[in-house]
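The residues making up each chain are set out below.
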Amino acid sequence: MSFFKRLFGTTTEAEDRAEADRLFDQKGWFEARIAYEKLSERRDASASTREHATARVAICSDALAEARIVEAQRLFADGEHELARAELASAAELAKTEAIRKRAARMLDGAEKNDARRAARVEAQATDDERWAMLAGNWPDAQIDEYDGYGEPFRQALLAMDAGDALAARPALETLAREHEAEGVYLFVELARARSRTEDEAGAVRALSLFLERVPDDDRSEGRINAHVFLAQIASRDGDDEKAIGELQRAVDAMPDDPRPLVNMGSFLRLRGEAEPAVTILEAALALLEDSQPNWPVELELAIALRDAGRENEAVEMLERIVRFFVARSNLDIPPVIVVPLAQLHEKRGNAARAADLYATLARGNDRDNHALYHREAGRLLKKLGLRQEARRMLTRASALSDKSSEISRDVEDILAELEKDEE
């Protein structure tokens, strides 16, 4: 469609519909929603076109709402509570599907209560209601409905477990499991958690196996995914990798349209040393993610698998793309799990300048426990580049930050001695 046609509004209904569908197919949810809204407002739009546009507007709105929820979770993790609340409020307003709207509203409610508590400084810890709201924010409706029927003893048991006291939580959960042995579903997820945390792995396996037998086919909860992962971990620990892979495959088969089971499978294969199969599976997982929702943890897992498979050019490209994702959002405190592998790859490939710059970035970040290490690595690389003054500054800081008896301190002293020798 030409620029002038769009500018002067001389497009036909068919052209506008084709353009909106193109944006939808490319998962440009915001642009597609605007296009469908304009399409439905055309005076000459047919009834079928208006119906098509209205349905697509709802889908786009839900996709945008999901993206807001994902972004809110990232912002909460980064401590950006005000921005996260704004994202959740926007998600609740955007969502057309009741389940998505309710999930955003539950998370927002819990966040608002926590923020009110912090502002008032009335209590040192979150209230039970606030903690319960945050827990419920991650549950599907079926799980909430089931839990509502178990009463206050169940609620107190889950709050105790959330506080780290599984031993206190377990008796009530065991009692409820006996009383609801015939019909309980998600109850057995919580029982498995309590048993696992009190060193009863066999009991946890039995509870999770029962849960997986009963969970609805359309369930996409974290509990279902984590159940398969737990059973796979137990099998792998016992040396039965075939059984572990089979358990992860069950999750993939049960949720073929969900990237999370594929990510778990790819990560497991990479840790086993099967890098190429891991790359294939992680690429499939990434393809299932919405283009409008960058997911750097999955991209990081794929980048590490690419590195392990010897595909270093692709690994560097992907890691640099993740770094740009953070920088574009004015977040320069990039997680070390991203920066360190990237710096190591750059150094290996002869790009010491970029590697030094990355370590220097970490030396200014919030991972203060490792600042001495990052200063040492930056100083070592700057010396290699012949930038003696900059290297000395970094190494001096590394020396001041490190324990004098540590390996880092000894390394720094050796590098500084080499600098002195070179200058002489």
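Residues numbered from 1 in each chain as written. Predicted model: local features only at pLDDT ≥ 70, side-chain atom pairs only at ≥ 80, totals over all residues. Heavy atoms only, no water.

**Some points on the packing of aromatic side chains**
Part 1: As enumerated under the stated definition, the model contains 10 aromatic pairs in all.
Part 2: Relative to Tyr36, the ring of Phe24 lies with its centre 6.2 Å away and its plane at 75 degrees, an arrangement referred to as edge-to-face. In this pair, Phe24 is assigned in helix 2 (residues 13–25) and Tyr36 in helix 3 (residues 29–40), connecting sequence segments 12 residues apart. Taken as a pair, Phe24 and Tyr36 share a single burial class, namely buried.
Part 3: Relative to Phe211, the ring of Tyr186 lies with its centre 5.7 Å away and its plane at 50 degrees, an arrangement referred to as tilted. Here Tyr186, found in the loop between helix 10 (166–179) and helix 11 (187–197), pairs with Phe211, found in helix 12 (residues 201–214); they are 25 residues apart in sequence, far enough to count as distant.
Part 4: Among the residues examined, Phe211 registers a relative accessible area of 0% and is labelled buried.
Part 5: An aromatic cluster is defined as three or more aromatic residues linked by ring pairs; in this entry it consists of Trp132, Trp139, Tyr147, Tyr150 and Phe154.
Part 6: Taking NZ or CZ as reference, Arg56 lies 3.9 Å from the ring centre of Phe24, over its face. (Phe/Tyr/Trp six-rings, centres within 6.5 Å; stacked < 30°, edge-to-face > 60°. Helix = DSSP H or I, 4+ residues; strand = E, 2+ residues; numbered from the N terminus. Buried < 20%, exposed > 50% of the residue type's maximum accessible area, 1.4 Å probe, protein only. Lys NZ or Arg CZ within 6 Å of the ring centre and 35° of its normal.)

**Comments concerning the layout of surface pockets**
Part 1: When its volume is computed, the second largest pocket comes out at roughly 470 Å³.
Part 2: What lines the second largest pocket is a set of 21 residues, among which Val189, Glu190, Arg193, Gly223 and Asn226 lie closest to the centre.
Part 3: Of all elements in the fold, only helix 7 (128–136), helix 11, helix 12 and helix 13 (222–237) reach the threshold of two or more residues within the lining of the second largest pocket.
Part 4: For the lining of the second largest pocket, the element with the most residues is helix 11, which contributes six residues. (1 Å grid on protein atoms, 1.4 Å probe; cavity = no way out; pocket = protein on both sides within 12 Å on 5 of 7 lines; lining within 4 Å. Points joined across faces, edges and corners; volume = space filled by probe spheres on them.)

**Focus on the pattern of salt bridges**
Part 1: By the definition in use, this model includes 42 salt bridges.
Part 2: For Arg74, the salt bridge identified is with Glu71, shortest N-O distance 2.6 Å. Remark: Glu71 and Arg74 occur in helix 4 (residues 47–77); sequence separation between them is three residues, near one turn of the helix.
Part 3: In this structure, Arg376 engages Glu377 in a salt bridge whose closest nitrogen and oxygen atoms are separated by 2.9 Å. Accessibility classification places Arg376 together with Glu377 in one group, the buried group.
Part 4: The structure contains a network of salt bridges with shared partners spanning Glu347, Arg376, Glu377, Arg380 and Asp411. (Salt bridge = Lys/Arg side-chain N within 4 Å of Asp/Glu carboxyl O.)

**Topic: the packing of helix 14 (residues 241–254) against helix 15 (residues 259–271)**
Part 1: Taken N-terminus to C-terminus, the directions of helix 14 and helix 15 make an angle of 160 degrees; their axes are 8 Å apart at the nearest point. Put simply, helix 14 runs roughly antiparallel to helix 15. Crossing angle aside, the handedness with which helix 14 passes helix 15 is left-handed. Contacts between helix 14 and helix 15 involve Asp241, Ala244, Ile245, Leu248, Gln249, Ala251 and Val252 on the former and, on the latter, Pro261, Leu262, Asn264, Met265, Phe268 and Leu269. (Axes fitted to C-alpha atoms, helices over the stretch in contact; angles between N-to-C directions. Parallel < 35°, antiparallel > 145°, perpendicular 65-115°, else oblique. Left-handed = near helix turned anticlockwise from the far one by under 90°. Contact = heavy atoms within 4.5 Å.)

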